[in-house]
Structures are given as structure tokens and as C-alpha cells.
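# Structural overview for review
Here is what each chain is made of, one letter per residue.
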Amino acid sequence: TNYCNALGGRSPDVSLSELYGGARISYVFHQVFAKGLLEIGPFDRLSDSDIRTAIRNATGPRPSLFVPEVSFELLVKRQIKRLEGPSLQCVDMVFDELAKVASQCEQLVPQLKRFPALRDQLLECVHELLSSQVKPTKEMISDLIAIELSYVNTNHPDFVGGSKAIHNFNKKVQRLKAEEKKRNPNSKADLATLLSRDKKESKGNHITASIGAAVGGIANTLGFSQGGPTQRPPTERELIETEIIKTLISSYFNIVRQNATDNVPKSIMFFLVNYTKDRIQSQLVRALYKDEHFKKLLSESSSISEKRDQKTELLVVLRKSLDIVNE
């Protein structure tokens, strides 16, 4: 009962110094997990060079007329896969909170201190119930990510789509050209210059570029580095294709991330929190309510027995003293 009350926010001993029970789990969902997913960007560990390489690999030996859809799916699936790690970590955090609640609920029943065997068996039974649900919960969450990876739904109502991505890119180029004219009316900056000014490159990209620029030798002379083609200046078409692919990746990744933010806590609540809350009492009855275990579970600790014997002896002495005084 104390366990269920703690998860439902009905515990009589509510802490005023820290979050407790269900409130703590809510904090894990909305403050820790949700914010952690928001920190995973659609282009983390994905540079413009990687995108251009994926586009070129998708076209094969022949130049493509349009942006290849295969490259978009390959890149967006790679980014979606990165959502699985934080989602599985959320299961472990909720499990730790539930174990903590069970331990605190045991402290709310002072009578259990008399029977250490019963207390230990009770906590072990609850821990086994919680542990038994961690695996199916994680499997469900892995399946959620696998479902997203199995089919990229480009007909999703919130997905920007190819035509809108091109429209947005054209608007962006027009805005950059207008800003450049205001800055310098005689400027003839090309598309690469406009985009490079608009983009805030991350610190990691600067480090990667510096390392790449430092690599020299015969391989670079032949036009190949250790991993593939050298970092030659991209053509205007490659810049346009890269920006369109980035728009598509960002749009679809945000949809999947929002799905994970909503579905992962629901899965944890169903498979772990609510499951254990609904079955904890019956599980304890099956494990503890056995005639052959009563004597062992209800055996008192030696310290309590000694204290009771001492108090009994003291009571006998006091009664004798009272009888003497009365005489």
C-alpha cells in the first residue's frame, strides 16, 4: 500500500526537501529524458562533407537529375538510431527510482525492524519483480526505435517534403542575398560564401577540418585521402543538394524525436511502473504467505530478544520493589 501510495502521490510522509515517488519519475521523464533528447541534434556527428559523400555514393557512376532519396533515408536512419541509447538509460533511471521507493516504504513500517528475515525477503521479492520487467521494457523501447527505422514515412503530415524544402531553400537564398546587398551593394558573393556566412560551424567541425587540412602526401596528390575523396570546394549544385537534404533530415528527425519523447515514458509506465504497482501485492502473497516459511520469517533478531529479556527482568525487579514498599 505504501508503495502504491508513493507512486500515486498519496504517501502520508511526503518529503518537503526533495521530490519523491511518482513526482521523481515525472521529473526523470520531463526534465532529464526529454531535455536529453532535445540535446541530440539532427546533425550531430554529421558534417556537410558526410552528406555530400552519401549523396554521391547514392548516385553511383551516373550523375543524378534529382536529390537521391536513398541518401536521405540512409542519413536520417543513422541519426534516429542515436535516440535508442538515452531511451534505454531512461529505463535504468526509473528502475533505480522504483527500487529507492521500495526501500523508503520499508522504513515507514517500523514493525519490520523486529523481523529482519521478513524485511530482507520482502525487499528481495520487490527487487526481483522490478528486475523481471526491465528486460521486456527495454525490448519494447528498442522495438519502438526499430519501428521508426523500418519505414521512413515521407507522407507524414508534419514532414516538410521535397517541394517545400526547395521552396524554403530558395527563400533562404533570397534573404541572404538581400542581407548581402544591404551590407555591400557591389558585392558579387557566390552561393558558397553566402551559406558559409550564415552557418555557425561547431567547434568539432573546425577541429576535423584542421586535421583534414594537415594530411598530405601522395594520397592527397592523387585526389584521395585515408577515407575517400579530398575536401575539395563543393560545387553550387552540391551545396543546394546538401541544404535540401539537411532540411529533410531536420524535419523528419524532429518528428521521430517527438515520437520517442512521447512513447518512451508511456512504455515505461505500462511495462514497468504500472505493472509492478498492480502486481506487487499478489507477488508478495505468493512468495511470503507459506506455512513452512512463517517460523523463519517471523523470527526476531537477537538484539530485540535480548532487550526484551532485559526489560522483563527489570519489570520483575520493579514489581518486587513495589511489593516491599507497600509492605
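In short, a report on the structure. (Residues numbered from 1 in each chain as written. Predicted model: local features only at pLDDT ≥ 70, side-chain atom pairs only at ≥ 80, totals over all residues. Heavy atoms only, no water.)

### Some details on the overall build of the protein
Cut-off, in case you're wondering: Put simply, DSSP marks the helices as runs of H or I at least four residues long and the strands as runs of E at least two long, and each gets a number from the N terminus on. Contacts were defined at the residue level, with two residues in contact if any of their heavy atoms lie within 4.5 Å. All accessible areas in this document rest on Shrake-Rupley with a 1.4 Å probe, and a residue is counted as covered only by the protein chains that are shown.
Helices and strands together make up the secondary structure of the protein, namely 13 helices and 0 strands. Across the protein, the fraction of contacts at a sequence separation of at least 24, relative to all contacts at a separation of at least 6, is 83%. Within the structure as shown, the protein displays about 21000 Å² of accessible surface, and the carbon and sulfur contribution to it stands at 54%.

### Examining the environment of Tyr27
Structurally, Tyr27 can be placed in helix 2 (residues 22-38). Leave out the neighbours within four places in its chain, and Tyr27 touches Leu19 and Val32.

### Digging into unusual backbone geometry
Condition: Exposed residues in this analysis have more than 50% of their type's maximum accessible area, buried residues have under 20%, and partly exposed residues fall in between, with area computed by a 1.4 Å probe over protein chains only.
Even without being glycine, Arg45 reaches a positive phi, approximately 60°. According to the relative accessible area criterion, Arg45 is exposed, its value standing at 68%.

### Here we look at the packing of helix 3 (residues 48-59) against helix 4 (residues 69-80)
In plain terms, the rule: Simply put, an axis is a line fit to the C-alpha atoms, just over the touching stretch for a helix, and the angle between two N-to-C directions goes from 0 to 180 degrees. Angle categories: roughly parallel below 35 degrees, roughly antiparallel above 145, roughly perpendicular from 65 to 115, and oblique for all the rest. Handedness of each helix crossing follows the sense of rotation of the near helix against the far helix: counterclockwise by less than a right angle gives left-handed, clockwise gives right-handed. In the scheme used here, Gly and all other residues not listed as nonpolar or charged are polar, with Ala, Val, Leu, Ile, Met, Phe, Trp, Tyr, Cys and Pro taken as nonpolar and Asp, Glu, Lys and Arg as charged.
The interhelical angle for the contact between helix 3 and helix 4, taken along N-to-C directions, is 135°, at an axis separation of 8 Å. Considered as vectors, helix 3 and helix 4 are oriented oblique to each other. Crossing angle aside, the handedness with which helix 3 passes helix 4 is right-handed. Across the interface between the two elements, Asp50, Ile51, Ala54, Ile55 and Ala58 from helix 3 touch Val70, Ser71, Leu75 and Arg78 from helix 4. Counted by class, the contact of helix 3 with helix 4 contains 6 nonpolar, 1 polar and 2 charged residues.

### A closer look at the pattern of salt bridges
What counts, and what does not: Throughout this description, the term salt bridge denotes a Lys or Arg side-chain nitrogen within 4 Å of a carboxyl oxygen of Asp or Glu.
For the coordinates displayed, the defined rule picks out 6 salt bridges. For the salt bridge of Asp44 with Arg82, the shortest nitrogen-to-oxygen distance reads 3.9 Å. Residue Asp44 is located in the loop between helix 2 and helix 3, and its partner Arg82 is located in the loop between helix 4 and helix 5 (84-107); the two are separated by 38 residues in the primary sequence. Exposure remark for Arg82: the relative accessible area of 24% places this residue in the partly exposed category.

### Comments concerning the nonpolar core
Rules: What makes a nonpolar core is a set of buried Ala, Val, Leu, Ile, Met, Phe, Trp, Tyr and Cys residues whose side-chain atoms join them at distances within 4.5 Å.
Ranked by internal contacts, the top residues of the largest apolar core, which has 49 residues, are Phe72, Ile80, Val94, Leu98, Tyr252 and Ile268. Only helix 2, helix 3, helix 4, helix 5, helix 6 (116-150) and helix 11 (236-288) provide two or more residues apiece to this core. In this structure Phe72 touches Val152, Thr154, Phe159, Ile245, Leu248, Ile249 and Tyr252, once residues within four positions along its chain are discounted.

### Observations concerning the packing of aromatic side chains
Here is the rule we go by: When the centres of two rings from Phe, Tyr and Trp lie within 6.5 Å, Trp using its six-membered ring, the rings pair. Their planes under 30 degrees apart give stacked, over 60 give edge-to-face, and anything left gives tilted.
Taken as a whole and assessed by the stated rule, the structure comprises 4 aromatic pairs. Judged by centre distance (5.8 Å) and plane angle (35°), the ring pair of Phe72 and Phe159 falls under tilted. In this pair, Phe72 is assigned in helix 4 and Phe159 in the loop between helix 6 and helix 7 (162-183), connecting sequence segments 87 residues apart. Summarising the burial analysis for this pair, Phe72 and Phe159 share the class buried. Ring centres 5.0 Å apart and planes at 80° place the aromatic pair Phe270 and Phe271 in the edge-to-face group.

### Some words on the environment of Thr154
Within the secondary structure layout, Thr154 lies in the loop between helix 6 and helix 7. Given a relative accessible area of 31%, Thr154 falls into the partly exposed group. Distance from Thr154 to Leu248, taken between C-alpha atoms, is 9.3 Å for residues 94 residues apart in sequence. When near neighbours in sequence (up to four residues on either side) are disregarded, Thr154 contacts Glu69, Phe72 and Phe159.

### Observations regarding a nonpolar patch on the surface
Under the convention used in this document: Within the patch definition used here, like charges are joined within 9 Å and nonpolar side chains (Val, Leu, Ile, Met, Phe, Trp, Tyr) within 5 Å, considering only residues with over 30% relative accessible area and no salt bridge.
A surface patch of nonpolar side chains, amounting to about 230 Å² of accessible area, comprises Leu19, Tyr27 and Val32. Inspection of the secondary structure assignment puts Leu19 in the loop between helix 1 (2-8) and helix 2.

### Re the environment of Ile244
Secondary-structure assignment places Ile244 in helix 11. Given the relative accessible area of 8%, Ile244 is considered buried. For Ile244 and Gly161, which are 83 residues apart along the polypeptide, the C-alpha to C-alpha distance reads 9.8 Å. With sequence-adjacent residues up to four places away left out, Ile244 is seen in contact with Val67, Ala165 and Ile166.

### Some thoughts on helix 4
Just so we agree on the cut-off: Every helix has an expected span of 1.5 Å times one less than the residues it contains. To obtain the arc, one takes the directions from the helix axis to the C-beta atoms.
Between its terminal C-alpha atoms helix 4 stretches 16 Å, which fits the 16 Å expected from 12 residues at 1.5 Å a residue. Of the residues making up helix 4, those classed as buried are Ser71, Phe72, Leu75, Val76, Gln79 and Ile80. Here the buried residues of helix 4 occupy an arc of 160° about the axis, which is enough to place them on one side. Of the exposed residues in helix 4, those oriented more than 90 degrees away from the buried face are Val70 and Leu74.

### Re helix 3
Taking 1.5 Å as the rise per residue, helix 3 with 12 residues should run 16 Å; its terminal C-alpha atoms sit 17 Å apart, in good agreement. Looking only at helix 3, the buried set comprises Asp48, Ser49, Ile51, Arg52, Ala54 and Ile55. Backbone geometry just downstream of helix 3 places Gly60 in the positive-phi region, at approximately 75°.

### Quick notes on the side chain of Glu148
Heads up, the condition is: Counting rule applied: Lys, Arg positive; Asp, Glu negative; His and chain ends not counted. Whenever two N or O atoms come within 3.5 Å, that pair is a polar contact, provided that in protein one can donate a hydrogen and the other can accept it, and provided that, for residues adjacent in sequence, both atoms are side-chain atoms.
You can see Glu148 is positioned in helix 6. Lys77 is the oppositely charged side chain nearest to the buried, salt-bridge-free Glu148, at an N-O distance of 11 Å. At 3.3 Å, the side chain of Glu148 and the side chain of Asn259 are in polar contact. Every residue in contact with Glu148, bar those within four places of it in the chain, is listed here: Ile80, Tyr252, Val256 and Asn259.

Purely geometric numbers; function is a separate question.
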